[in-house]
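Topology and contacts: notes
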Amino acid sequence: MANPQFEEVKTEAAAAITDEDLRSVYTGLVHEDGRHEYYFGNDTEEAAELREAAAIQLGMLTRVLADRSDMSVEEIADLAAERAENMELR
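Just so it is clear, the model here is predicted, and its values are computed rather than measured.

Now for the side chain of Thr 62. Residue position: Thr 62 is located in helix H2 (residues 47-68). Its relative accessible area of 18% is what places Thr 62 among the buried residues.

The next thing to look at is a negative patch on the surface. On the surface, a cluster of negative charge is made up of Asp 70, Glu 74, Glu 75 and Asp 78. Topologically, Glu 74 is positioned in helix H3 (residues 73-86). Judged by relative accessible area, Glu 74 falls into the exposed class, the value being 53%.

Take Ile 56: it is sitting in helix H2. In this structure Ile 56 comes out as partly exposed when scored by relative accessible area, which is 40%. Distance in space between the C-alpha atoms of Ile 56 and Ser 24 is 9.9 Å, their sequence separation being 32 residues.

When you line up the elements, Arg 35 lands in the loop between strand S1 (24-30) and strand S2 (36-42). With a relative accessible area of 39%, Arg 35 lands in the partly exposed category. Arg 35 has contacts with Leu 29 and Val 30, leaving out every residue within four places of it along the chain. Looking at Arg 35, its side chain comes within polar contact range of the side chain of Asp 33, at 3.0 Å.

This brings us to the domain arrangement of the protein chain. Assigned domains within the protein chain: domain 1 (1-43) and domain 2 (44-89). Each of domain 1 and domain 2 was reduced to a C-alpha centroid, and the two centroids are 15 Å apart. Counting residues at the interface gives seven residues for domain 1, matched by six residues for domain 2. Counting the surface lost from both domain 1 and domain 2, the interface buries some 680 Å², and carbon and sulfur atoms represent 62% of this.

Criteria and cut-off values
- Residues numbered from 1 in each chain as written.
- Predicted model: local features only at pLDDT ≥ 70, side-chain atom pairs only at ≥ 80, totals over all residues.
- Heavy atoms only, no water.
- Helix = DSSP H or I, 4+ residues; strand = E, 2+ residues; numbered from the N terminus.
- Buried < 20%, exposed > 50% of the residue type's maximum accessible area, 1.4 Å probe, protein only.
- Patch = residues over 30% accessible without salt bridge, like charges linked within 9 Å, V, L, I, M, F, W, Y side chains within 5 Å.
- Areas by Shrake-Rupley, 256 points an atom, 1.4 Å probe, with all protein chains shown as cover.
- Salt bridge = Lys/Arg side-chain N within 4 Å of Asp/Glu carboxyl O.
- Lys, Arg positive; Asp, Glu negative; His and termini not counted.
- Charge placed at Lys NZ, Arg CZ, Asp CG, Glu CD.
- Contact = heavy atoms within 4.5 Å.
- Polar contact = N/O pair within 3.5 Å; in protein donor to acceptor, adjacent residues only side chain to side chain.
- Domains from an automatic or database assignment.
- Buried area = accessible area lost by both parts, 1.4 Å probe.

Right under this line is the structure:
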């Protein structure tokens, strides 16, 4: 495994997802064979709350990716938008 902390992060995420007071959950999985899976759920029926939760999750992911790569937030956002337009989700 290239990143020894990866197993620890997976374990922490699995434990955190069982927290009783979650309002929104997003997990995106990218497998070695290129398969993509995602799990997205919110404890709301209101569109405004859904948009806010999604924006927070996108912001967190964008910030983390920018911090851990050699790209800016804007570059990550542009690349993500490009991938999203071309992505076929099941």
